[in-house]
Amino acid sequence: MKNDNGQYYPSYLQLEKILDSQHPLSFEEGQAPAHDEMLFIIIHQAYELWFKQILFELDFVKKVFSKEKVDDNSEDLNLCRHRLKRVTSILALLNQQVTVLDTMTPMDFLEFRNLLTPASGFQSKQFRLIEATLGLKMEKRHQHDYYKRTNEGGFAPNDFNEINSIEASRTILQLINQWLERMPFFDEKFWKGYAAQYASTELHPFWNDYRAIYANSLTEREQHKLVDFDTQFIQEKQADGSFSDAAMRTALFIMLYRDFPVFQTSFQILDTLIEIDHWLAGWRHKHYVMVRRMIGMRVGTGNTSGAGYLEGAVQQHYIFKDLAALSTYLIERRKLPKLPEELIKALGFIS
Ligand code: HEM
Ligand SMILES: N[C@@H](CC(=O)c1ccccc1NC=O)C(=O)O
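An unreviewed UniProt entry lists the protein under the name Tryptophan 2,3-dioxygenase, with Lacibacter luteus given as the organism. Under the UniProt heading Sequence similarities (unreviewed entry), the entry covering the protein gives this text: "Belongs to the tryptophan 2,3-dioxygenase family."

A. Region of interest: the overall build of the protein. A tally of regular secondary structure across the protein gives 15 helices and 0 strands. Viewed in the frame of its principal axes, the protein has a C-alpha envelope of about 85 × 60 × 35 Å. Expressed as a percentage of its 351 residues, the buried residues of the protein come to 22%. Intrachain contacts of the protein at a sequence separation of at least 6 include 71% that bridge at least 24 residues.

B. Unusual backbone geometry, seen in detail. Residue Thr 117 is joined to Pro 118 through a cis peptide bond whose omega torsion reads -5°. In this fold, Pro 118 is placed in the loop between helix H5 (106-113) and helix H6 (125-134). One non-glycine residue, Glu 236, adopts positive backbone phi at about 50°. Counting through the fold element by element, Glu 236 comes out in the loop between helix H10 (225-234) and helix H11 (245-256). Given 9 C-beta atoms within a 10 Å radius, Glu 236 is considered exposed. Although it is not a glycine, Asn 303 adopts a positive phi angle of roughly 75°. On the secondary structure map, Asn 303 appears in the loop between helix H12 (264-295) and helix H13 (307-316).

C. Local environment of the site of ligand 2. Near ligand 2, the surroundings consist of His 44, Arg 113, Leu 116, Ala 119, Ser 120, Gly 121, Ile 295, Gly 300, Thr 301 and Gly 302. Split by residue class, the shell around ligand 2 holds 3 nonpolar, 6 polar and 1 charged.

D. Highlighting the UniProt feature "binding site: heme" (unreviewed entry) in the protein. Cross-referencing UniProt, the feature "binding site: heme" (unreviewed entry) maps to His 287 in the present numbering. Turning to its location among the elements, His 287 is positioned in helix H12. Aside from chain neighbours lying at most four places away, what touches His 287 is Val 98 and Leu 310.

E. Geometry of the UniProt feature "binding site: substrate" (unreviewed entry) in the protein. According to UniProt, the "binding site: substrate" (unreviewed entry) feature falls on Phe 40, Ile 41, Ile 42, Ile 43, His 44, Arg 113 and Thr 301. Along the chain, His 44 turns up in helix H3 (residues 37-66). Along the chain, the position of Arg 113 falls in helix H5. We classify Arg 113 as partly exposed; it has 17 C-beta atoms within 10 Å.

F. Quick peek at the environment of His 23. For His 23, the position within the fold is in the loop between helix H2 (15-18) and H3. You can call His 23 exposed: it has 10 C-beta atoms within 10 Å. Residues His 23 and Ile 344 lie 321 residues apart in sequence; the distance between their C-alpha atoms is 62 Å.

G. Focus on the nonpolar core. One finds Leu 84, Ile 172, Ile 176, Ala 251 and Leu 273 to be the most contacted residues of the largest nonpolar core, which totals 42 residues. With near-sequence residues (within four places) excluded, Ala 251 lies in contact with Leu 180, Leu 270, Leu 323 and Leu 326.

H. A look at the site of ligand 1. Around ligand 1, the surrounding shell holds 24 residues, and the nearest of these are Ser 120, Gly 121, Gly 300, Gly 302 and Thr 304. Put simply, the parts of the chain that give the shell around ligand 1 at least two residues each are H3, H12 and H13. In terms of residue count, the dominant contributor to the shell around ligand 1 is H12 (5 residues). Classifying every residue of the shell around ligand 1 gives 12 nonpolar, 11 polar and 1 charged.

Cut-off values and rules
- Residues numbered from 1 in each chain as written.
- Chains lettered and ligands numbered in written order.
- Predicted model: local features only at pLDDT ≥ 70, side-chain atom pairs only at ≥ 80, totals over all residues.
- UniProt positions renumbered as here; feature names shortened; annotations may be inferred.
- Helix = DSSP H or I, 4+ residues; strand = E, 2+ residues; numbered from the N terminus.
- Buried ≥ 20, exposed ≤ 12 C-beta atoms within 10 Å, placed from the backbone.
- Contact = placed C-beta atoms within 7 Å.
- Near = placed C-beta within 6 Å.
- Nonpolar A, V, L, I, M, F, W, Y, C, P; charged D, E, K, R; others polar.
- Core = buried A, V, L, I, M, F, W, Y, C linked by C-beta atoms within 7 Å.

As structure tokens, this is what we get:
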């Protein structure tokens, strides 16, 4: 029913389709109607709609960072920051949404639970695409054998292939890693006039100083953190699907000198990725607590161990934990080495 003057609310939003898509199995003939199955369906559909929006934003970010060069002062970078922030707002909402499901009691759920087998949220393709787009790899998943099942409780072959192909393409983690690696802050030409504080070694003068200042900041019990520092930033370890040493150095540098305006957007992008990880982990944890209340320690309809699997996934499915862990390596602002003039000029701090 279209209005002659243009669009009509219900048709523009295709409400006929959306609002005709709630069909509780327990309402069918021969079943005992379970009132809460309607809520169960609607809440999942609401989640999936928001997953769609999250993927839309992440795909934009992926496109920008796939370019050969991202101009640090361009609109693109600012749009990425803005849209990643939007993803965190949506995830905050999705965390909050668990409270609506909490109004369903375990006995209410039991009224229709057996009708759902072997379906489960495990099979949410969009949730897996969000994880894969960000950079979670199959082999890094908790009990990853579950993911290979394409029989009951597993993915349909098409979904399985799609998830794998996103995983195999460049993920946001990889793209951010390459973007950080491309930043030229430590080029020799910028550091000729640098006033080093400690006797030089084979290390870059900045990192030689930073390492010494960091070592001095450690308490006796923390001495071994210097070994971790070297592993994370110095030893050029083999990339294992996470951030390289070079990318980690740039990320730490951006965090340290974030008060310089030129680093603002880059800093916020890194910070927002950490926040996205936190919101996802927060959701996984809320879902896990809700599941324990709802089905105790029973096996999931999707045939995982249930709460045990979900608890492991909370711990193991962080994607940007290397970035979050940078806090271990910060030093007090007043102890930061003063940057050389050449670098400041090159970065456009003063024109
Ligand atoms: C009564 C409510 C719910 C219960 C009892 C429940 C239970 C479970 C269980 C037991 C699993 C593990 C897979 C299995 O073996 O079945 C699972 C996975 C999952 N569920 Fe739910 N769930 C509920 C609601 C939801 C809702 C509202 C969503 C929103 C989309 C959701 C999304 C997921 C996702 C994405 C997974 C995979 C998690 C991962 O692998 O990290 N679930 N759920
Ligand atoms: N896995 C849940 C059932 C369940 O929650 C579910 C079933 C079908 C479609 C979505 C579901 N939601 C999340 O896992 C259970 O074991 O009770």
